[in-house]
Amino acid sequence: MYHSIKVWKVATGGCIRTLMGDRLYEGMNIQGATGLRNAQKSTLKALGALV
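Here we summarise the structure given alongside this text.

Reading the values: rules and limits
Residues numbered from 1 in each chain as written. Predicted model: local features only at pLDDT ≥ 70, side-chain atom pairs only at ≥ 80, totals over all residues. Heavy atoms only, no water. Helix = DSSP H or I, 4+ residues; strand = E, 2+ residues; numbered from the N terminus. Rg over C-alpha atoms; globule rule 2.2 N^0.38 Å. Patch = residues over 30% accessible without salt bridge, like charges linked within 9 Å, V, L, I, M, F, W, Y side chains within 5 Å. Areas by Shrake-Rupley, 256 points an atom, 1.4 Å probe, with all protein chains shown as cover. Salt bridge = Lys/Arg side-chain N within 4 Å of Asp/Glu carboxyl O. Buried < 20%, exposed > 50% of the residue type's maximum accessible area, 1.4 Å probe, protein only. Pairing = 2+ DSSP bridges.

Some details on the overall build of the protein
Phase 1 of the analysis: Scanning the protein from terminus to terminus reveals one helix and two strands.
Phase 2 of the analysis: The N-to-C order of helical and strand elements in the protein reads β-β-α.
Phase 3 of the analysis: Relative to the compact-globule value of 10 Å for 51 residues, the protein shows a C-alpha radius of gyration of 15 Å, a clear excess of over 25%.
Phase 4 of the analysis: Taking the principal axes of the C-alpha coordinates as reference, the protein spans close to 50 × 20 × 10 Å.

Have a look at this one:
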């Protein structure tokens, strides 16, 4: 999970933009890493790691 803020258009209820904060592991290459469960890989990917 990463931090985000959504900007909504009140008149239509539609999302105008999603602003996202820095991802902690942006660009970290974990391809070929051993010992990680699927849930851990998914979390790292959401935080910016290259899976």
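More follows now that the structure is in view.
Looking at a nonpolar patch on the surface
Phase 1 of the analysis: The grouping of I5, V7, I16 and L19 at the surface amounts to a nonpolar patch, some 360 Å² of accessible area in total.
Phase 2 of the analysis: For the nonpolar patch, the elements supplying multiple residues, two or more each, are strand 1 (4-9) and strand 2 (14-20).
Phase 3 of the analysis: Note on placement: I5 falls in strand 1.
Phase 4 of the analysis: When its relative accessible area of 55% is taken as the criterion, I5 is described as exposed.

Digging into the pairing of strand 2
Phase 1 of the analysis: Where strand 1 meets strand 2, six bridges bridge the pair, whose relative direction is antiparallel. Its bridge partner lying in strand 2, W8 is registered against C15.
Phase 2 of the analysis: Connecting the antiparallel pair strand 1 and strand 2 is a turn made up of four residues, with G13 showing a positive phi of about 80 degrees.

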